[in-house]
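So the chains spell out like this:
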Amino acid sequence: MDWPDPNTHGDCRLDHGQREARADSLAGMPLILPERLVGDVERTGSGVLGLQQFPFTAGLSPLSTGTLYDKVWALHRVAELPGGQTQLFIGLHLIHEVTSPQAFAMLKERGLSIRHPERTVATVDHIVPTTDRGRPLADPLAEAMLGALEKNCAHYGLRLYGFDSGQQGIVHVIAPELGLSQPGMTIACGDSHTSTHGAFGAIAFGIGTTQVRDVLASQSLAMDKLKVRRISIHGALAPGVFAKDAALHVIRRLGVKSGVGHAYEFAGSCVAAMAMEERMTLCNMAIEAGARCGYVNPDQVCFDYLHNRPCAPRGAAWQQAVTWWRSLTSDGDAVYDDEVTMDAGEIAPTVTWGITPGQAMAVDEVVPTPDQLPAGERPLAQEAYRYMDLQPGQPIAGTPVDVCFIGSCTNGRLSDLRDAALVARGRHVADGMKAFVVPGSQQVARAAEAEGLDAVFAQAGFEWRRPGCSMCLAMNPDRLQGRQLSASSSNRNFKGRQGSASGRTLLMSPAMVAAAAVSGVVTDVRTMLGATTAPVEP
Amino acid sequence: MTPAPVTMAEGRAIPLQGHDIDTDRIIPARFLKSISFTGLGNHVFADDRAAAGGCHPFDRPEHQGARILVVNRNFGCGSSREHAPQSLRRWGIAAVIGESFAEIFASNCLALGMPCLRGETEAVEDIQQLVQEQPGVHFRLTLAAPGLHGLDRHWPLMIESGPQTMLLSGCWDATGLLLSHGDELRRTASRLPYLNNFAPSG
């Protein structure tokens, strides 16, 4: 294929209108409003949403009202399907080595081609070793999966960011840093943490492998429209409290299934003050609340992040893009299916104590007793006490930790590593502690190394690894052994999640993981940052 | 290729109690290291079964060959891995009844033509208890009028009209249907600013 090499960065072939004509190409397509959509209306929580106006007419806002979710949904609606589902166009499709090979096999079996190869981007993250990356990989199964992805991408002409690209990394880290993830897009990936890209005001969600097949074949999916719950977090996070804590706090308060059937719109002054990487952490964890997608309305913070990224629009298109992106934000009079408000000042450094991300507590609290929990949650709590070997009523601070992991699509970005390094600097990991840092991407690794973070970690006794998903899900050699307890900046504390069937996980912010690493026990990072500890609630 | 309509499932049931059973538990990540779904049926709930020492419902002799899985709240949460429904399917499960399902799990099941039906807590717990006491009962699950029938009893169940229609019509295998809208797909692409260099309309 004659695609530009992914190594050559200024040239992003996902750039709009750069593709030359080929089968199914969009080049030369007239920009006309399809008549059948004129006046096409649908009920939303905010009333009637109409597509009366070509929605990106320069200088004009769309006349439709509603949430960003409503607007993006309407724009990507291809057709109504029998039974009331909608065929939704997928603007960006991200794939990786674990959930795609069977989809390619299904395509081949049916003799189908890929409708928009320029809209699918691949990288390798789940199974990659974080130490020795020589080919063939030591694990023959991992090598087979990587080989299959390479072969499929070459065969279909898909852009692959492999080890040699300089841009390899966790799919949810690299798509934002390349500027692929943009406001107003629908983004799908065979990975539940695709919700991450909602930080840009995209509607982004995880899909299964059969749906990967459908996106490859048709660039669309059969979907049911979600309700929208606005979660407004007001005020400022205290020093030592991070976006991860806000995410865990939301899940703790609303529960792990609260988001089923909903998109979560994160709003409020706390979210508005967050940098893009913090918003990504927040949206990343929406799925842990059961919400298939979470998003933040795009604003100047978002546009500043995207400006000059390799795949962001350039030149005259940039200003037109910004104008359109601004028009997508939820209208002031949008009606939400539900609204929840939280006070950022109430959020403390948060740690999970159980086997779901909702079983979380402030670091200065004690493990809840059954009578403090709703009756319906008690059986799971009993299971969690047993599995975690924690007693109800015991403080979580001071719990000895065996392994510390900093990384993942939740917290493997540069700002996360900076936060952790601030704690690690001038200290050393506790005796017997295994502590390692896995940057989210090669770009994150380069940036961190350029400012000497790798040296800070190395001097503190942390291992500095190569990018990948690593011990978040332990499909590579990074695993817990036996009953080891990890302090982890990842997203799931499920039983067996980190590679040992009896291994245990405490989720927390990267700074809190670093604090645990140097002290050997779960520690309130505020005491190490010189921040004032909030008074303990009675 | 027209997939077959799914109108019902029939056979014995298998109860699996507990809320928030995630897809890592249904199929641990190490079994995802393959480029096919073959053999996943042997590993469904691998770690839970090992921990239960042969007492896990999926190991109990009386539940071997069961077709209808009965679960509680938020079943299939967590990872989007389709390997989870694939492993259940390959073990022999044809339909799942639960109090509620995680969204990606349910859509993955639909893509395989495996119905997920919801029941009220009391109904689901009632079915689970009945199956524990009488594992040999033969059930019939119907989709057109969603419900479970067995032992001359009937439990009404729920399924959204979208998945219900897709299953009953055979459109649960969506590829053909999605591809049949080529003109609509082109029109949609033509109005997406980010596919058209953000050019203002004329």
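Anything mentioned here points back to the structure above.
Described below are features of the structure shown in this document. This is a predicted model, so every value here is computed, not measured.

Quick notes on the rules
- Residues numbered from 1 in each chain as written.
- Chains lettered and ligands numbered in written order.
- Predicted model: local features only at pLDDT ≥ 70, side-chain atom pairs only at ≥ 80, totals over all residues.
- Heavy atoms only, no water.
- Helix = DSSP H or I, 4+ residues; strand = E, 2+ residues; numbered from the N terminus.
- Contact = heavy atoms within 4.5 Å.
- Areas by Shrake-Rupley, 256 points an atom, 1.4 Å probe, with all protein chains shown as cover.
- Lys, Arg positive; Asp, Glu negative; His and termini not counted.
- Charge placed at Lys NZ, Arg CZ, Asp CG, Glu CD.
- Buried < 20%, exposed > 50% of the residue type's maximum accessible area, 1.4 Å probe, protein only.
- Salt bridge = Lys/Arg side-chain N within 4 Å of Asp/Glu carboxyl O.
- Phe/Tyr/Trp six-rings, centres within 6.5 Å; stacked < 30°, edge-to-face > 60°.
- Pairing = 2+ DSSP bridges.
- Buried area = accessible area lost by both parts, 1.4 Å probe.
- Polar contact = N/O pair within 3.5 Å; in protein donor to acceptor, adjacent residues only side chain to side chain.
- Nonpolar A, V, L, I, M, F, W, Y, C, P; charged D, E, K, R; others polar.
- Core = buried A, V, L, I, M, F, W, Y, C linked by side-chain atoms within 4.5 Å.
- Axes fitted to C-alpha atoms, helices over the stretch in contact; angles between N-to-C directions.
- Disulfide = S-S within 2.5 Å.
- Parallel < 35°, antiparallel > 145°, perpendicular 65-115°, else oblique.
- Left-handed = near helix turned anticlockwise from the far one by under 90°.

1. A closer look at the overall build of chain B
Phase 1 of the analysis: Scanning chain B from terminus to terminus reveals 8 helices and 8 strands.
Phase 2 of the analysis: In terms of principal-axis extent, the alpha carbons of chain B reach across some 70 × 40 × 30 Å.
Phase 3 of the analysis: Long-range pairs, those at least 24 residues apart, make up 71% of the contacts in chain B with a sequence separation of at least 6.
Phase 4 of the analysis: Here chain B has roughly 7,300 Å² of accessible surface; of this, 50% comes from carbon and sulfur atoms.
Phase 5 of the analysis: Mean positive and mean negative side-chain charge positions of chain B (17 and 21 charges, respectively) differ by 7 Å.

2. Notes on the overall build of chain A
Phase 1 of the analysis: A count of helical and extended segments in chain A gives 16 helices and 21 strands.
Phase 2 of the analysis: By residue count, 65% of the 538 residues in chain A fall in the buried class.
Phase 3 of the analysis: Here the contacts in chain A between residues at least 6 apart in sequence split such that 74% fall between residues at least 24 apart.
Phase 4 of the analysis: When the accessible area of chain A is evaluated, it comes to approximately 17,200 Å², of which 52% is carbon and sulfur surface.

3. Details of helix α11 (residues 378-388) of chain A
Phase 1 of the analysis: Inspection of α11 of chain A places Leu 380, Ala 381, Glu 383, Ala 384, Tyr 385, Tyr 387 and Met 388 of chain A among the buried residues, and these make up the whole buried set.
Phase 2 of the analysis: Downstream of α11 of chain A by a residue or two, Asp 389 of chain A has a phi angle that is positive, lying close to 60 degrees.

4. A word on the pattern of salt bridges
Residues and elements named next belong to chain A.
Phase 1 of the analysis: Within this structure, the stated rule accounts for 32 salt bridges over all chains.
Phase 2 of the analysis: The residue Lys 495 makes a salt bridge to Glu 383 at a minimum N-O spacing of 2.8 Å. Residue Lys 495 is located in the loop between β20 (485-488) and β21 (504-507), and its partner Glu 383 is located in helix α11; the two are separated by 112 residues in the primary sequence.
Phase 3 of the analysis: Classification of Lys 495 by relative accessible area gives buried; the value is 19%.

5. Describing helix α13 (residues 414-424) of chain A
Phase 1 of the analysis: Within α13 of chain A, burial applies to Leu 414, Asp 416, Leu 417, Ala 420, Ala 421, Val 423 and Ala 424 of chain A.
Phase 2 of the analysis: Directly after α13 of chain A, the chain includes Gly 426 of chain A, whose backbone phi takes a positive value near 75 degrees.

6. Notes on the packing of aromatic side chains
Phase 1 of the analysis: By the definition in use, this model includes 18 aromatic pairs over all chains.
Phase 2 of the analysis: Note on Trp 324 of chain A and Phe 198 of chain B: the rings are 6.1 Å apart at their centroids and 55 degrees apart in plane angle, and the pair reads as tilted. Here Trp 324 of chain A is found in helix α10 (residues 316-327), whereas its partner Phe 198 of chain B is found in the segment after α8 (182-191) on a different chain. Considered together, Trp 324 of chain A and Phe 198 of chain B belong to a single accessibility category, that of buried residues.

7. Quick notes on the sheet that holds strand β18 (residues 434-437) of chain A
All names here are of chain A.
Phase 1 of the analysis: The strand order across the open sheet formed by 5 strands is β19-β18-β17-β20-β21, and the pairing between neighbours is parallel. Edge positions in the open sheet fall to β19 (463-464) and β21, since each of these has one partner strand only.
Phase 2 of the analysis: Relative to β20, strand β17 (residues 403-406) runs parallel, the two being bridged by 3 bridges. Across the sheet, residue Phe 405 finds its bridge partner in β20, namely Ser 488.

8. Some thoughts on the interface of chain A and chain B
Many descriptions give the size of an interface as the accessible area lost when the pieces come together.
Phase 1 of the analysis: In this complex, chain A contributes 91 residues to the contact, which on the side of chain B involves 62 residues.
Phase 2 of the analysis: Between chain A and chain B the total buried area reaches about 6,600 Å² when both faces are included, carbon and sulfur atoms providing 62% of it.
Phase 3 of the analysis: Here chain A is connected to chain B by 5 salt bridges.
Phase 4 of the analysis: Along the contact surface separating chain A from chain B lie 24 residue pairs in polar contact (both at pLDDT 80 or more).
Phase 5 of the analysis: Here the residues of the side of chain A that touches chain B sort into 46 nonpolar, 27 polar and 18 charged.

9. Quick look at the side chain of His 126 of chain A
All names here are of chain A.
Phase 1 of the analysis: The topology assignment puts His 126 in the loop between β6 (120-123) and α3 (140-156).
Phase 2 of the analysis: Of the polar contacts made by the side chain of His 126, one reaches the side chain of His 96; its length is 3.4 Å.
Phase 3 of the analysis: Contacts of His 126, omitting those with residues within four sequence positions, involve His 96, Glu 97, Val 98, Asp 191, Cys 469, Leu 473, Met 475 and Asn 476.

10. A look at the nonpolar core
Phase 1 of the analysis: Judged by nonpolar contacts, the single largest core of 200 residues is most densely connected at Phe 457 and Phe 462 of chain A together with Phe 75 and Leu 88 of chain B.
Phase 2 of the analysis: Examining the composition of this core, we find that 7 residues originate from one element, helix α16 (residues 510-519) of chain A, more than from any other.
Phase 3 of the analysis: Once you skip the residues sitting within four places of it in the chain, Phe 457 of chain A turns out to touch Ile 406, Leu 417, Ala 420, Ala 421, Ala 424, Val 437, Phe 462 and Trp 464 of chain A.
Phase 4 of the analysis: With 32 residues, the next largest nonpolar core counts Val 6, Val 70, Leu 130 and Leu 177 of chain B among its residues.

11. Things to note about the sheet that holds strand β5 (residues 116-118) of chain B
All names here are of chain B.
Phase 1 of the analysis: One open sheet holds the 4 strands; their spatial order is β2-β3-β4-β5, and the pairing between them is parallel. The two strands at the open ends of the sheet, each matched to only one other strand, are β2 (13-15) and β5. Strand after strand, the sheet turns through a mean of 20 degrees between neighbouring axes, direction not considered.
Phase 2 of the analysis: Two strands pair when backbone bridges link them, and β2 and strand β3 (residues 68-70) are joined in this way by 3 bridges, in the parallel orientation. Along β3, the bridge assignment pairs Ala 13 with Ile 68.

12. Observations regarding the state of the cysteines
All names here are of chain A.
Phase 1 of the analysis: Applying the stated criterion across every chain, the model contains 0 disulfides over all chains.
Phase 2 of the analysis: Residue Cys 153 stays outside any disulfide, its sulfur separated by 12 Å from that of Cys 189, the closest cysteine.
Phase 3 of the analysis: Residue Cys 153 is classed as buried on the basis of its relative accessible area, which comes to 3%.
Phase 4 of the analysis: Of the cysteine sulfurs around Cys 302, a residue in no disulfide, the closest is that of Cys 283, at 11 Å.

13. Observations concerning the packing of helix α2 (residues 101-110) of chain A against helix α5 (residues 209-218) of chain A
Residues and elements named next belong to chain A.
Phase 1 of the analysis: The geometry of α2 relative to α5 is characterised by a closest axis approach of 8 Å and an angle of 55 degrees between their N-to-C directions. Between α2 and α5, the interaxial angle falls into the category oblique. α2 and α5 meet at a crossing whose hand is right-handed. The residues of α5 that touch α2, namely those facing Gln 102, Ala 103, Phe 104, Met 106, Leu 107 and Arg 110, are Thr 209, Thr 210, Val 212, Arg 213, Leu 216 and Ala 217.
Phase 2 of the analysis: The residue makeup of the contact of α2 with α5, split by class, is 7 nonpolar, 3 polar and 2 charged.

14. Here's the deal with the side chain of His 56 of chain B
Residues and elements named next belong to chain B.
Phase 1 of the analysis: Relative to the elements of secondary structure, His 56 occurs in the loop between α2 (46-52) and β3.
Phase 2 of the analysis: For His 56, a relative accessible area of 7% translates into the label buried.
Phase 3 of the analysis: Contacts of His 56, omitting those with residues within four sequence positions, involve Leu 16, Phe 45, Asp 48 and Arg 49.

15. Thoughts on the pairing of strand β8 (residues 153-156) of chain B
Residues and elements named next belong to chain B.
Phase 1 of the analysis: The pairing of strand β7 (residues 147-150) with β8 spans 4 bridges and is antiparallel. Looking at the pairing, Gly 150 lines up with Arg 153 of β8.
Phase 2 of the analysis: Linking β7 back to β8 in an antiparallel pair, the connection comprises 2 residues, with Leu 151 at a positive phi of about 55 degrees.

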